[in-house]
Amino acid sequence: MFTDKERFKEEFLEKLERLYGKTIAHATPMDLYKTLGSMIREYVSKNWMNTQLQYAEHEVKQVYYFSIEFLLGRLMASNLLNMGALQACQEALEELGISFEDVESQEADAGLGNGGLGRLAACFLDSIASLHLPGHGYGIRYKYGLFEQKIVDGFQVELPEQWLREGNVWEIRNSGQSVMVKFGGKVEMKVGEDRLVCEHSEYEPVLAVPYDTPVIGFENKTVNTLRLWSAETVANYLHAEYINGHSYHKAVEYKRTVESISEFLYPDDTHPEGRLLRLKQEYFLVSAGIQHITKTHRSTYGTLTNFHEKVAIHINDTHPVLAIPELMRILLDEEGLGWEEAWSITVKTISFTNHTTLSEALETWSVELFRSLLPRIYMIVEEINERYCAELWERYSGQWDRIHQMAIIADGYVKMAHLAIVGSHSVNGVAQLHTEILKKREMKLFHQFYPTKFNNKTNGITHRRWLLKSNPELSKLITDTIGDSWIHDPAGLEQLTEHIHDTSLHEQLARIKHQHKEKLASIIQHKTGIAIDPHSIYDVQVKRLHAYKRQLLNILHIMHLYNQLRENPSLPMAPRTFIFGAKAAPGYHLAKRVIKLINNVAAQVNSDPICQEKLKIVFLENYRVSLAEKIFPAAEVSEQISTASKEASGTGNMKFMMNGALTIGTLDGANIEIQEAVGLDNIFIFGLTSSEVLNYYQVGGYNAWEMYHRDHRIKRVLDQLVDGSYNHSKMEFETIFQTLLHHNDEFFVLRDFSSYADAQHKVDECYQDRKGWLTKSVVNIAHSGRFSSDRTIQEYATDIWGAQPLIIE
Ligand code: 26Q
């Protein structure tokens, strides 16, 4: 129906009438969006059901990707693309006088994630289904996703993000598969017939209700499931609260605490606070998921002893690490297995990805809080820890300090990363450098004890959303040049290397880039009132705002450029537009100040006639997936300037590259692998290396004041932070000045300033050599195939999950 345009049009009109009793003339864009959405959902339902039936029938091993975040963005166009129906559908709507873009833009982004980790989970789902793999996502259906950002007077203001306000056409509530999750209460071990039996009483029950969203494979018949759990009251318990005594207020209180579990996503991705509600969220997801999976397995196979042969559970960072003790609980308490057997099954089932080496991001929970919220789970973690420490003792007898450093429970805290390493068979980092740092430094002791558990899986992005869908013009140009095999096998983009000097390819590439730049210019004009020149270089830094990502280095360098321009208005430079997009965690004061600084510098620079031709700065508010899709195709310079060793991988870097932008970046995360792929001539590398950075941390020897006194450019921009150049109140950027100088510039912004300025100068020169630049751009696209998440997922499936594809008929 979706490829037969005439039938599609008929059905669309019928459906619109049935759902809303309207014709196109009277329908709102939202009516049209929901009509199309429900047609798509109906259309996939057959394949969805079939996929599940065939997985069951063939008894294939299934993968469950547990993640506290899934940053999906919009689904309509990417679903249509994967169904092979996007173009036909666009044309059919056009023939009905409807703009697909208007319809698509009605969809609220599903912003159920903070940034890289959540978006990675979404890219993975797309690749799993596209590679015919039996794999599903398990997460939380937050009522409010990541906050909506407004910029008011240059300051970030956060608003609740109500993505469900208009309903959600993609999900199906599956209340029949709800399970109960228990919090708090008392646990007693009693002697049963043949074993100790665990009795859990006086707990607070929470009903976990699954909402399922189809995950459609690309041009195949696979439809997997993203299952998001929502927390609801248990009816009997709610009624009992009414009946037993004083209790209208108690019942209301119960409802409030239960529903708060899936109410909002924590907006912080580096400074996890030890909040009870966060731990509740983590256990809620894990317990609901594990209970459901074990129940299904048991009813199929009659036993859980072969669980690890049919199920692989992957935990996305430590947030779902309680999957380990929860699976143990079910195997021990409900299935009655002995410890050894339960443990062996658990370890064989679970695998774990680490996404950070920042120590402040490592999750720990106070024993007190943990034990009172999850008494039975705590007992199991204690037992895991005791047995594991006994093993450590055997290997390292007498080395108290080492054992103390490696323990799961120590100094009154439960260390989630330690539990994850001990309880899983595979631990992976997300880029080569990151994995090396884990093995040699951050998790060195664990690597020595479990040398074979550690492995690397360099991140990837789905080329379907980030190239085919968001940049169809470039996709077509590639296909016209090398054929379309790259679509199913993105490594095939390498064939473009044979065309890097092709002038006609260059011209078409430039034309397409320019079209996207014009579109972005009009979006920017519309949203901010700022007119930017589509002939200027679009230099873009879009990502969460963090000290280590060093948006500050970028803006200080822009201040320096501005100083140069004021001194010499005819400074030879290609006109440049610097574009920023970034959300700061609401409690992260320094990050919020950096946003304010960017906006103040922007206001000044954009209104100064000296800069009119040469320099513009734009801060785009509310950076999110749907906006990202409009930015990457228009970008020419990709800012990947984190302090070396700090960015585990980065994935935005890959999206830019795939759309033909050139990277200016440090030797950090996946930038290193991008550099290896394209060669040093096709990327602008600068700054300290990770070993230099780590060496400074270890032995000292860095003095920020020295940088300030030695380099007049640095002194000048830093003084301008506090002398009224960009601020009205004196204190406004004092904190930034302080962190850079008085706190000795933890992220080496000043240390890298000079080499960054040099690299930026090189960007400017290279851009003026148009042919050279376009050649480099083609080289980047040509080598971007290895950063498709299809490659990443293929590696996970073979090396970690032991999962086989099943072609759905
Ligand atoms: C933990 C506990 C309590 C509250 C919040 C959190 C929390 C939430 C999100 C901790 C971390 C995150 C997200 C981390 C993240 O996005 N990391 C990024 O992961 C990407 C995918 O692997 C990498 O490319 C990035 O380098 C890495 O920063």
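Throughout this document, residue positions are counted from 1 along each chain, in the order its sequence is written. Side-chain atom pairs in this predicted model are given and counted only at pLDDT of 80 or more, local residue features only at pLDDT of at least 70, and totals for whole chains, interfaces and linings cover all residues. To obtain the side-chain values, all non-hydrogen atoms of the structure were included, while hydrogens and water were left out.

Comments concerning the pattern of salt bridges
Part 1 of the argument: Salt-bridge detection follows one rule: a side-chain nitrogen of Lys or Arg within 4 Å of a carboxyl oxygen of Asp or Glu. Taken as a whole and assessed by the stated rule, the structure comprises 46 salt bridges.
Part 2 of the argument: For Arg227, the salt bridge identified is with Asp212, shortest N-O distance 2.8 Å. Within this pair, whereas Arg227 is found in strand 12 (residues 223-232), its partner Asp212 is found in strand 11 (residues 204-216), the two being separated by 15 residues in sequence. As far as burial versus exposure is concerned, Arg227 and Asp212 are alike and both buried.
Part 3 of the argument: Residues Arg387 and Glu383 are paired through a salt bridge, measuring 2.7 Å at the closest nitrogen-oxygen approach. Here Glu383 and Arg387 lie together in helix 14 (residues 375-395), a separation of 4 residues that amounts to about one turn. Each helix corresponds to a stretch of at least 4 residues labelled H or I by DSSP, and each strand to a stretch of at least 2 residues labelled E; elements are numbered beginning at the N terminus. Think of it in three bands: residues with accessible area under 20% of the maximum for their type are buried, residues over 50% are exposed, and the middle band is partly exposed, with areas taken using a 1.4 Å probe on protein chains only.

Comments concerning the nonpolar core
Part 1 of the argument: Definition used in this section: a nonpolar core is a set of buried Ala, Val, Leu, Ile, Met, Phe, Trp, Tyr and Cys residues joined via side-chain atoms within 4.5 Å. Among the nonpolar cores identified, the biggest contains 203 residues, and Leu36, Leu80, Ile313, Leu322, Phe370, Tyr388 and Trp801 are the most heavily contacted of them.
Part 2 of the argument: For this core, the leading source of residues is helix 9 (residues 276-301), giving 9 residues.
Part 3 of the argument: Throughout, a residue-residue contact means that at least one pair of heavy atoms, one from each residue, lies within 4.5 Å. Leave out the neighbours within four places in its chain, and Leu36 touches Phe2, Phe8, Phe12, Met76, Leu80, Cys89, Leu93, Phe100 and Val103.

Focus: the sheet that holds strand 16 (residues 409-410)
Part 1 of the argument: Here a strand pair is declared whenever DSSP counts at least two bridges between the two strands. Taken in spatial order, the 3 strands line up as 15-17-16 in an open sheet, and their pairing is antiparallel. Of all the strands in the sheet, just strand 15 (364-366) and strand 16 have a single pairing partner and so form its edges.

Concerning the site of the ligand
Part 1 of the argument: Here a residue is considered near a molecule or strand provided that any single heavy atom belonging to it is located within 4 Å of it. Surveying the vicinity of the ligand reveals 18 residues, the closest of which are Asp268, His355, Asn459, Glu647 and Gly650.
Part 2 of the argument: Whenever a nitrogen or oxygen atom comes within 3.5 Å of another N or O atom, the pair is scored as a polar contact, on the condition that within protein one atom can donate a hydrogen and the other can accept it, and that pairs from neighbouring residues in sequence are kept only if both atoms are in side chains. Note that an oxygen atom of the ligand is positioned 2.8 Å from one of the side-chain N or O atoms of Asn459.
Part 3 of the argument: All accessibility values rest on the Shrake-Rupley procedure with a 1.4 Å probe; residue burial counts only the protein chains present in the view. Within the complex, the protein chains bury 94% of what would otherwise be the 610 Å² of accessible surface of the ligand.
Part 4 of the argument: A total of 3 residues in the shell around the ligand trace back to one element, the largest contributor, which is helix 6 (residues 116-130).

Brief notes about the environment of Leu552
Part 1 of the argument: By the secondary structure assignment, Leu552 is in helix 23 (residues 551-567).
Part 2 of the argument: Since its relative accessible area comes to 10%, Leu552 is described here as buried.
Part 3 of the argument: A C-alpha to C-alpha distance of 10.0 Å links Leu552 and Arg593, two positions 41 residues apart in sequence.
Part 4 of the argument: Excluding anything up to four places from it in sequence, Leu552 contacts Val594, Leu597, Ile736 and Leu740.

Things to note about the packing of helix 1 (residues 5-20) against helix 4 (residues 86-95)
Part 1 of the argument: All axes here are fitted lines through C-alpha atoms, helices being fitted over the stretch that makes contact, and every angle between N-to-C directions spans 0 to 180 degrees. Close contact between helix 1 and helix 4 brings their axes to 9 Å; oriented N to C, the two are set at 60 degrees. One finds that helix 1 runs oblique with respect to helix 4. Remark: the crossing between helix 1 and helix 4 carries right-handed chirality. Contact residues: helix 1 offers Lys5, Glu6, Phe8, Lys9 and Phe12, while helix 4 offers Ala88, Cys89, Glu91, Ala92, Leu93 and Glu95.
Part 2 of the argument: Residues of the contact of helix 1 with helix 4, tallied by class, amount to 6 nonpolar, no polar and 5 charged. Here is the rule for angles: anything less than 35 degrees is roughly parallel, anything more than 145 is roughly antiparallel, 65 through 115 is roughly perpendicular, and the remaining ranges are oblique. For any helix crossing, the convention is left-handed if the near helix is rotated counterclockwise from the far helix by under a right angle, and right-handed if that rotation is clockwise. In the scheme used here, Gly and all other residues not listed as nonpolar or charged are polar, with Ala, Val, Leu, Ile, Met, Phe, Trp, Tyr, Cys and Pro taken as nonpolar and Asp, Glu, Lys and Arg as charged.

Points about the side chain of Asn671
Part 1 of the argument: Tracing the backbone through its elements, the reader meets Asn671 in helix 27 (residues 671-678).
Part 2 of the argument: On the basis of relative accessible area, Asn671 is assigned to the buried category, the value being 3%.

Some words on helix 20 (residues 472-482)
Part 1 of the argument: Among the residues making up helix 20, those that are buried are Leu474, Ser475, Leu477, Ile478 and Ile482. Buried residues of helix 20, seen end-on, are gathered within an arc of 160 degrees and therefore sit on one face of the element. Opposite the packed face of helix 20, turned more than 90 degrees from it, sit the exposed residues Lys476 and Asp480.
Part 2 of the argument: Phi for Gly483, located one or two positions after helix 20, is positive at around 85 degrees. Throughout, the arc means that of the directions going from the helix axis to the C-beta atoms.

Describing the layout of surface pockets
Part 1 of the argument: Buriedness of a pocket was judged along seven lines, with at least five required to meet protein on both sides within 12 Å; pockets are open sets of points on a 1 Å grid over the protein atoms alone, cavities are sets where a 1.4 Å probe fits but cannot get out, and lining residues have an atom within 4 Å of a point. Grid points are joined across faces, edges and corners, and a volume is the space filled by probe spheres set on the points. Of the volumes computed, that of the second largest pocket is approximately 1500 Å³.
Part 2 of the argument: Along the wall of the second largest pocket there are 42 residues; nearest its centre are Leu86, Gln90, Lys469, Ser470 and Pro472.
Part 3 of the argument: Going through the elements one at a time, helix 3 (76-82), helix 4, helix 5 (100-104), helix 19 (463-469), helix 20, helix 21 (485-488), helix 22 (503-528) and helix 25 (625-631) are the ones with two or more residues in the lining of the second largest pocket.

Some thoughts on unusual backbone geometry
Part 1 of the argument: Look at Glu219: it is not a glycine, yet its phi comes out positive at around 50 degrees.
Part 2 of the argument: The backbone phi angle of Asp317 is positive, close to 65 degrees, even though this residue is not glycine.
Part 3 of the argument: Inspection of the secondary structure puts Asp317 in the loop between strand 13 (311-316) and helix 11 (323-334).

Things to note about helix 17 (residues 432-442)
Part 1 of the argument: Among the residues of helix 17, Leu433, His434, Thr435, Ile437, Leu438 and Lys439 are the ones counted as buried.
Part 2 of the argument: Residues of helix 17 that are buried sit in contact with strand 18 (426-429), helix 18 (444-449), strand 19 (454-456), helix 27 and helix 28 (690-699).

With respect to the sheet that holds strand 21 (residues 576-581)
Part 1 of the argument: Pairing is parallel across the open sheet formed by 6 strands, whose spatial order is 22-21-20-23-24-25. Lying at the two open borders of the sheet, with one neighbouring strand each, are strand 22 (615-619) and strand 25 (684-685).
Part 2 of the argument: Sheet topology note: the strand 24 (residues 662-665)/strand 25 ladder contains 2 bridges and is parallel. Paired with Gly665 across the bridge in strand 25 is Ile685.

Overview of the pairing of strand 13
Part 1 of the argument: Where burial is concerned, most of strand 13 is hidden: 6 out of the 6 residues are buried.
Part 2 of the argument: Covered by surrounding structure in strand 13 are Val311, Ile313 and Ile315 together with Ala312, His314 and Asn316, the residues of both alternating faces.
Part 3 of the argument: When strand 1 (residues 62-66) meets strand 13, the two strands line up parallel, connected through 5 bridges. The residue of strand 13 that forms the bridge with Tyr65 is His314.
Part 4 of the argument: In terms of strand pairing, strand 13 meets strand 14 (residues 350-353) through 4 bridges, oriented parallel. Looking at strand 14, one finds that His314 is bridged to Ser351.

Considerations on the packing of aromatic side chains
Aromatic ring pairs are defined here through the distance separating the ring centres and the angle between the ring planes.
Part 1 of the argument: Stacked, tilted and edge-to-face are the three classes applied to pairs of Phe, Tyr and Trp rings, where Trp contributes its six-membered ring and a pair requires centres within 6.5 Å; stacked means planes under 30 degrees apart, edge-to-face means over 60, and tilted covers the rest. Inspection of the entire model under this criterion finds 26 aromatic pairs.
Part 2 of the argument: Judged by centre distance (6.0 Å) and plane angle (50 degrees), the ring pair of Tyr396 and Phe449 falls under tilted. Linking Tyr396 in the loop between helix 14 and helix 15 (400-406) with Phe449 in helix 18, this pair joins segments that are 53 residues apart in sequence. The burial state of Tyr396 is the same as that of Phe449; both residues are buried.
Part 3 of the argument: Taken together, the aromatic side chains of Phe2, Phe8, Phe12 and Tyr43 make up a single cluster linked through ring pairs.
Part 4 of the argument: Remark: a charge is flagged as sitting over a ring if the NZ atom of Lys or the CZ atom of Arg is within 6 Å of the ring centre and within 35 degrees of the ring normal. Sitting over the face of the ring of Phe155, Lys596 holds its NZ or CZ atom 4.5 Å from the ring centroid.

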